[in-house]
Amino acid sequence: MSEQQQGQDFAAAHDDYALAPVPENARRGLFSMSAVMLGFTFFAASMWTGGTLGQGFKLWPDLFIIILGGNLILGVYGALLGYAAAKTNLSTHILARYAFGRLGSKLPSTMLAITQIGWFGVGVAMFAYPINKFLDVPNLPLIIGGGILMTYTVVIGFKAIEWLSAIAVPAILVLGCMSVYTAISDTEGGMETLLSLTPTETLTFAMGISLAVGSFISGATLTPDFVRYARTRKVGIWATIIGFTFGNSLMFIFGAVGSAATGMSDIAEVLAQQGLLGAGIALLVLNIWTTNDNALYASSLGLANITGFKRVHLVIVAGAVGTILADFLYNNFVSWLVFLSVSLPPIGGVIIGDFYLRCKTSYAKPDEHQFKEINWAAMIAWGLAIAVSFASPDTGLLSISPLNAIFTAMLAYVVLYRVMYAGEVSKEKVTAG
């Protein structure tokens, strides 16, 4: 067998059903899906957000209300997308074809792919910089080595992400609990003192919920890329809820308690001050590796929808770009990535509106469905939702801009579709009758 044929066989074997439904024999149960979703939501940035919130609210009850409220919103949003994925066994990008059209879906896929490649690069730098700071290892080999390792596990595919999550999730739980225990035991008066600490920053409840939701809602939009592997719809919903409501909440708590005890929001610095430098580096590596793998995996599915090329080849290209640009992205691109992230939640809103409100949770199989080339109702609704997100007030009940964007996208899409495609809607009603 030629090397070219071997390469083609490897690419086909590791394509992970990028453009097709996941077959029944490849689907996973609750334990496996929960491990993957926890690995996805165990995100270093969530710990830092928890640290920021810990400096703005009393730990009890204010902060716990913020954390629970924010992650319930994420859990519900993710579960709605997760149910659609578990029922159809399709990725975010193929679900987007139904809502945005065959050509239309390439634009949200491009935005999702660029954003995730960008966050992959930032994550590689986030992995390298603390190790460089604490152990004085040069940045360049850390960035190159980290990028190669993270890319390699994504080349293998969902199975490698599953294995890595099964190792990383328990380890992160243990290390996070060690940090919380150390924070309590090192504080004079223990938990009672931590609970009574006066916040050093002034944050409103609305700002706190907005921070909690905004920290991971762009990631939650990609829930279908992983939950499509769920064996049943119930598994998909529960794995998503476990990942966001439990997993992401824990990350906030780990960050908040460490911040309250040390006055620092950077979890690596918190653990170093607690005398847990080795544990801190291990936690950081595992934390970033699992989330970065999910980001790169999701970007490869988006690129597959755009180009039609094999997922494996696209992973290598995306991983190389993210790794080469890691230092630049970390120092110059975060604000642009945050801007791009504003555009992602409405994509999920449009998909939810199409799947639940327009199609009543019933999609034909991709090879049997006649896709629009561009669904202009979805495009306009997406643009309106982004505008609403930017126009959201800084304070008050309506200040949670990602939530405003999702609801606007859902409702505007359904209304616009009925107006713009009134003839089709009438035919659908006649057929249904």
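Heads up: the structure comes first, above all this text.
Keep in mind that this is a model prediction, so the values were computed, not measured.

Cut-offs and rules
All residue numbers here refer to positions counted from 1 along the written sequence of the relevant chain. Residues qualify for local features only when their pLDDT is at least 70, as the model is predicted, and side-chain atom pairs are given and counted only at 80 or more; totals for whole chains, interfaces and linings, by contrast, use all residues. The basis for the side-chain values is all heavy atoms of the structure; hydrogens and waters are excluded. Helix and strand definitions follow DSSP, with helices as H or I runs of at least four residues and strands as E runs of at least two, each counted in order from the N terminus. In this treatment the radius of gyration is a C-alpha quantity, and the globule benchmark scales as 2.2 Å times the residue count to the 0.38 power. Exposure categories follow from relative accessible area, calculated using a 1.4 Å probe and restricted to protein chains: below 20% of the type maximum is buried, above 50% is exposed, and the middle band is partly exposed. Note on contacts: a residue pair is in contact if any heavy atoms of the two residues lie within 4.5 Å. Methods summary: accessible areas were calculated by the Shrake-Rupley approach with a probe of 1.4 Å, and residue burial reflects only the protein chains presented. Only four residue types enter the charge count: Lys and Arg as positive, Asp and Glu as negative, with His and the chain ends excluded. A charged residue contributes its charge at one atom only: NZ of Lys, CZ of Arg, CG of Asp or CD of Glu. Lines fitted to C-alpha atoms define the axes here, with helix axes fitted over just the stretch in contact, and angles between the N-to-C directions of these axes take values from 0 to 180 degrees. Any angle that falls under 35 degrees is termed roughly parallel, while one over 145 is termed roughly antiparallel, one within 65 to 115 roughly perpendicular, and all others oblique. Left-handed is the label given to a crossing in which the near helix is rotated counterclockwise from the far helix by less than a right angle, and right-handed is the label when the rotation is clockwise. In this classification, Asp, Glu, Lys and Arg are treated as charged, Ala, Val, Leu, Ile, Met, Phe, Trp, Tyr, Cys and Pro as nonpolar, and every other residue, Gly included, as polar. A patch consists of residues whose relative accessible area exceeds 30% and which take part in no salt bridge; residues with like charges are grouped when within 9 Å of each other, and nonpolar side chains (Val, Leu, Ile, Met, Phe, Trp, Tyr) when within 5 Å. We define a salt bridge as a side-chain nitrogen of Lys or Arg found within 4 Å of a carboxyl oxygen belonging to Asp or Glu. Given the number of residues in a helix, its expected span is that number minus one, multiplied by 1.5 Å. Only the six-membered ring of Trp is used, alongside the rings of Phe and Tyr, when aromatic pairs are assigned; centres must lie within 6.5 Å, and planes under 30 degrees apart are stacked while those over 60 apart are edge-to-face, with the rest tilted. Think of it as a cone above the ring: NZ of Lys or CZ of Arg counts as a charge over the ring if it is within 6 Å of the ring centre and within 35 degrees of the ring normal. Contacts described as polar in this section are N or O atom pairs within 3.5 Å, which, within protein, must combine one atom able to donate a hydrogen with one able to accept it, while residues neighboring in sequence count only if both atoms come from side chains.

(A) Spotlight on the overall build of the protein chain. When its secondary structure is counted, the protein chain shows 22 helices and zero strands. Taking 2.2 N^0.38 as the reference for a compact globule, 433 residues should give roughly 22 Å; the C-alpha atoms of the protein chain span a radius of gyration of 22 Å, in line with that estimate. Here the C-alpha coordinates of the protein chain stretch approximately 70 × 60 × 40 Å along the principal axes. When burial is assessed residue by residue, the protein chain has 57% of its 433 residues classed as buried. Considering only residue pairs separated by 6 or more positions, the protein chain has 86% of its internal contacts joining residues 24 or more positions apart. Just so you have it, the protein chain exposes about 17900 Å², and 67% of that area is on carbon and sulfur atoms. Between the averaged position of the 22 positive side-chain charges in the protein chain and that of its 24 negative side-chain charges there is a distance of 16 Å.

(B) Looking closely at the packing of helix α6 (residues 106-135) against helix α15 (residues 277-307). Close contact between α6 and α15 brings their axes to 8 Å; oriented N to C, the two are set at 160 degrees. Our classification of the angle between α6 and α15 gives roughly antiparallel. Helix-helix and strand crossings are classified by hand; for α6 and α15 the assignment is left-handed. For the contact of α6 with α15, a count of residues per class yields 21 nonpolar, eight polar and one charged.

(C) Structural context of a nonpolar patch on the surface. Taken together, the side chains of Trp 376, Ile 380, Leu 384, Val 415, Val 419 and Met 420 define a hydrophobic patch exposed on the protein surface, amounting to about 570 Å² of accessible area. Counting only elements with at least two residues in the nonpolar patch, the list comes to α20 (376-391) and α21 (401-420). Assignment of secondary structure puts Val 415 in helix α21.

(D) Expanded view of helix α19 (residues 345-358). Across its 14 residues, α19 extends 19 Å between first and last C-alpha, which sits within 8% of the 20 Å expected from 1.5 Å per residue. Taken across its 14 residues, α19 has 12 buried, putting it largely inside the fold. Regarding α19, the residues found buried are Pro 345, Pro 346, Ile 347, Gly 348, Gly 349, Val 350, Ile 351, Ile 352, Gly 353, Asp 354, Phe 355 and Tyr 356.

(E) Geometry of the pattern of salt bridges. Within this structure, the stated rule accounts for three salt bridges. Here Arg 28 makes a salt bridge to Glu 162, at a shortest N to O gap of 3.0 Å. One end of the pair, Arg 28, is in the loop between α1 (3-13) and α2 (30-41); the other, Glu 162, is in helix α8 (residues 158-186), and 134 residues separate them in sequence. Neither residue differs from the other here; Arg 28 and Glu 162 are each classed as buried.

(F) Summary view of the packing of aromatic side chains. Counted by the stated rule, this structure contains 17 aromatic pairs. Ring centres 5.1 Å apart and planes at 65 degrees place the aromatic pair Phe 40 and Phe 216 in the edge-to-face group. With Phe 40 in helix α2 and Phe 216 in the loop between α10 (205-214) and α11 (217-220), this residue pair connects regions lying 176 residues apart in the sequence. Comparing Phe 40 with Phe 216 shows no difference in burial state: the two are buried. An aromatic cluster is built from Phe 40, Phe 158, Phe 216, Phe 226, Tyr 229, Phe 244 and Tyr 297, whose rings are joined through pairwise contacts. Taking the ring centre of Tyr 417 as reference, the NZ or CZ of Arg 358 above it sits at 4.3 Å. The cationic tip of Lys 372 hangs over the ring face of Tyr 421; the distance from NZ or CZ to the ring centre is 4.6 Å.

(G) Molecular detail of the side chain of Arg 28. Judged by relative accessible area, Arg 28 falls into the buried class, the value being 15%. Here Glu 162 takes part through its side chain, which lies 3.0 Å from a polar atom of the side chain of Arg 28. Sequence-distant contacts of Arg 28, that is, excluding residues within four places in its chain, are made with Met 33, Phe 158, Lys 159, Glu 162, Tyr 229, Ala 230, Arg 231 and Val 235.

(H) Region of the structure containing the side chain of Asn 287. Relative to the helices and strands, Asn 287 is located in helix α15. On the accessibility criterion, Asn 287 (0% relative accessible area) is buried. With residues up to four places along the chain from it excluded, the contact list for Asn 287 reads Phe 42, Phe 43, Ala 44, Met 47, Ile 172 and Met 251.

(I) The arrangement of the packing of α6 against helix α7 (residues 139-156) in detail. Interhelical geometry of α6 versus α7 gives an angle of 135 degrees and a closest axis separation of 9 Å. In terms of axis orientation, α6 runs oblique to α7. Taken as a pair, α6 and α7 cross one another with a handedness that is right-handed. Across the interface between the two elements, Phe 120, Val 124, Phe 127, Ala 128, Tyr 129, Ile 131 and Asn 132 from α6 touch Asn 139, Leu 142, Ile 143, Gly 146, Gly 147, Met 150 and Thr 151 from α7. Within the contact of α6 with α7, the residues separate by chemical class into nine nonpolar, five polar and no charged.

(J) Just unusual backbone geometry, in detail. One non-glycine residue, Lys 360, adopts positive backbone phi at about 55 degrees. Within the secondary structure, Lys 360 is located in the loop between α19 and α20. Here Thr 361, not a glycine, exhibits a phi torsion of approximately 65 degrees, which is positive. Tracing the sequence through the fold places Thr 361 in the loop between α19 and α20.

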